[in-house]
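If you want the building blocks of each chain, they are given just below.
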Amino acid sequence: MQSIYGKYCGSRRLPGILAILGFFALSLPLWAQNQQARLYYAQGADFALTVNGERSFIDASSLGYGGIALNRSDMIQTGTGTFLEIQLIPSGTVLKISENTSLVYNGFDESGRFTDVALLYGRIRLVSGNGEGSKTSVIRAGTSSVRMPEGDLGADYAVPRSGRGDAGRPVLKVYSFRGRAEVFPFIPNGAPAQAVNLEERETVLMELNPPLVYAERRALEKDILLFWSTHNFEGLSPLARPDTELPGVLQDSPLREIAVQDIPVQEKVPDAALQKETARKAMRRKTALLTAGLSLTAAGVAAQGIAFARPGGAEDALVRRIHYTAYVPLGIGLFSILAGILYNPAVPE
């Protein structure tokens, strides 16, 4: 009788157990599709990783097998000779960060269904993967953004060595090895300009001199192809890596220029008086930062000194309250002094 009862109970529990197992089996793909970014390969010297405002330096040779999981708003900075590789999960998209580059990982935008990264300075390459989920990526650089549904492209955001650029401003250069992309320039305090389409094996150079937007399209340049051929993806990624083979040597094609929003392209000649006035305003901002910082710091120190000069010293509750409150102007003051020291506007000769 006991045996029959055990079998009966087991048969009654079996559907429930199977239902629970089925639920977990169906849930596994959902868990696997959680959006992640993992820094899995580093080559060269050390690099800087800023997490929650705290900056730390990591030796490239010490990066373990599991790598480092990146969180939203984490910043990565590389120095000379250091290259990093990141993979987005579950899409399998890979991102190569070149030397002397600063980049912020902005996470996955659920509403737009795209991965968002900000190129603050330097050079990167991004190849969409063959995994699950959305493969669309957006690269933000300055006041422009690049949207790539799928493909293989690179982006440079740096001050040109010669010729182009306004007062040392970085210029955005986007190039496609495979697939298409759109480049969206945004004029400060104005409406977004017309998007520029980037075709396969093309380069688009974008320069904003408000209210003008200058876009230049040309064939994929050989020096860029040579650079990424030399510094192709090398690390063992967590998921299967997409095809990162680059096209062969390309022939140069005639230069084509695009005037976005039908705005005539003009060479901007800087006005000497305007440059001097801009420099004077910048120096006034620097002086204001230093003055405010010194004043607040002095006020904080003075408040703490006066508090402890009172009878009773540290045992007095009022003294302790004033002491801790004085840290507010003291901290703001020190931060203003540091900002004033680091803020070095260009002064025209």
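Note that the coordinates shown come from a computational prediction; the quantities given were computed from them, not determined experimentally.

Trainee: Even after reading the chapter, I still don't get the overall build of the chain, so can you show me in this structure?
Mentor: The number of helices and strands found in the chain is five helices and 16 strands. Here the chain, with 349 residues, has 40% of them falling under the buried criterion. Put simply, of all contacts in the chain between residues at least 6 apart along the chain, 58% involve residues at least 24 apart. Summed over all atoms, the accessible surface of the chain reaches about 19,900 Å², with 58% contributed by carbon and sulfur.

Trainee: Before we go on, may I ask you to explain the pairing of strand β12 (residues 171-185) in this structure?
Mentor: Here is the key point about a regular strand: its side chains alternate between the two faces of the sheet. Of all 15 residues in β12, 11 are buried, a share of seventy percent or more. Note that strand β11 (residues 144-158) and β12 share 13 bridges and pair antiparallel. Within β12, the position partnered with Asp152 by the bridge is Arg178. Across four bridges, β12 lies against strand β14 (residues 202-209) in antiparallel orientation. Note on β14: the bridge partner recorded for Tyr175 is Thr203. Sheet topology note: the β12/strand β13 (residues 196-198) ladder contains three bridges and is antiparallel. Within β13, the position partnered with Glu182 by the bridge is Asn197.

Trainee: How do you make sense of a nonpolar patch on the surface when you look at a structure like this?
Mentor: Taken together, Leu120, Tyr121 and Val159 make up a surface patch of nonpolar side chains, about 230 Å² in accessible area. Considering the arrangement of structural elements, one finds Val159 in the loop between β11 and β12.

Trainee: I tried to follow the packing of aromatic side chains on my own but got confused; where do I start?
Mentor: Pairs of aromatic rings are described using the distance from one ring centre to the other and the angle between the two planes. Tallied over the entire structure, the rule returns three aromatic pairs. With a centroid separation of 5.8 Å and an interplanar angle of 70°, the aromatic rings of Tyr175 and Phe177 are classed as edge-to-face. The pair Tyr175 / Phe177 is uniform in exposure class, with both members buried. One aromatic cluster is present, formed by Phe83, Phe227 and Trp228 through successive ring pairs. In this arrangement the basic side chain of Lys96 is found over the ring face of Phe233, its NZ or CZ atom lying 5.9 Å from the centre. Its end group placed over the ring of Phe227, Arg123 keeps NZ or CZ at 4.5 Å from the ring centre.

Trainee: So what exactly am I meant to see when it comes to the side chain of Glu202 here?
Mentor: Within the element layout of this structure, Glu202 appears in strand β14. Relative accessible area serves as the criterion here: at 10%, Glu202 is assigned to the buried category. Within the structure, Glu202 has its side chain in polar contact with the side chain of Arg217 (distance 3.1 Å).

Trainee: Would you mind showing me how to read the packing of helix α4 (residues 317-325) against helix α5 (residues 327-342) here?
Mentor: A packed helix pair is summarised by two numbers, namely the angle formed by the two axes and the spacing between the axes. Following both chains from N to C, one finds α4 and α5 inclined at 20°, their axes separated by 5 Å at the closest point. Regarding the angle of α4 to α5, the classification is roughly parallel. Note on element contacts: α5 touches α4 through Tyr327, Val328 and Pro329, opposite His323, Tyr324 and Thr325. Along the lines of polarity and charge, the residues of the contact of α4 with α5 split into four nonpolar, two polar and no charged.

Trainee: It is not clear to me how the pattern of salt bridges should be interpreted in this structure. Could you clarify?
Mentor: Opposite charge on two side chains makes pairing possible when the charged atoms of those side chains draw close. Within the structure shown, the criterion is met by 10 salt bridges. Among the ionic pairs, Lys96 bridges to Glu85, the shortest N-O distance being 2.9 Å. Here the residue Lys96 occupies a position in strand β7 (residues 94-97), and Glu85 occupies one in strand β6 (residues 83-89), the gap between them amounting to 11 residues. We note that Lys96, like Glu85, is buried. Taken together, the salt bridges that share partners define one network made up of Lys173, Glu216, Arg218 and Glu221.

Trainee: Would you explain unusual backbone geometry in this entry?
Mentor: For residues besides glycine, phi is generally negative; the peptide bonds are generally trans as well. Omega for the peptide link from Ile89 to Pro90 comes to 15°, which places this bond in the cis form. With a phi close to 55°, Asn100 is a non-glycine residue in the positive phi region. Within the secondary structure, Asn100 is located in the loop between β7 and β8 (102-109). In this structure Asn100 comes out as partly exposed when scored by relative accessible area, which is 40%. Unusually for a residue other than glycine, Arg201 sits at a positive phi of about 60°. When you line up the elements, Arg201 lands in the loop between β13 and β14.

Trainee: Is there a simple way to explain the environment of Ile337 in this structure?
Mentor: Assignment of secondary structure puts Ile337 in helix α5. For the pair formed by Ile337 and Leu290, sequence separation is 47 residues and the distance between their alpha carbons is 5.0 Å. Sequence-distant contacts of Ile337, that is, excluding residues within four places in its chain, are made with Leu289, Leu290, Gly293, Leu294 and Thr297.

Criteria and cut-off values
Residues numbered from 1 in each chain as written. Predicted model: local features only at pLDDT ≥ 70, side-chain atom pairs only at ≥ 80, totals over all residues. Heavy atoms only, no water. Helix = DSSP H or I, 4+ residues; strand = E, 2+ residues; numbered from the N terminus. Buried < 20%, exposed > 50% of the residue type's maximum accessible area, 1.4 Å probe, protein only. Contact = heavy atoms within 4.5 Å. Areas by Shrake-Rupley, 256 points an atom, 1.4 Å probe, with all protein chains shown as cover. Pairing = 2+ DSSP bridges. Patch = residues over 30% accessible without salt bridge, like charges linked within 9 Å, V, L, I, M, F, W, Y side chains within 5 Å. Salt bridge = Lys/Arg side-chain N within 4 Å of Asp/Glu carboxyl O. Phe/Tyr/Trp six-rings, centres within 6.5 Å; stacked < 30°, edge-to-face > 60°. Lys NZ or Arg CZ within 6 Å of the ring centre and 35° of its normal. Polar contact = N/O pair within 3.5 Å; in protein donor to acceptor, adjacent residues only side chain to side chain. Axes fitted to C-alpha atoms, helices over the stretch in contact; angles between N-to-C directions. Parallel < 35°, antiparallel > 145°, perpendicular 65-115°, else oblique. Nonpolar A, V, L, I, M, F, W, Y, C, P; charged D, E, K, R; others polar.

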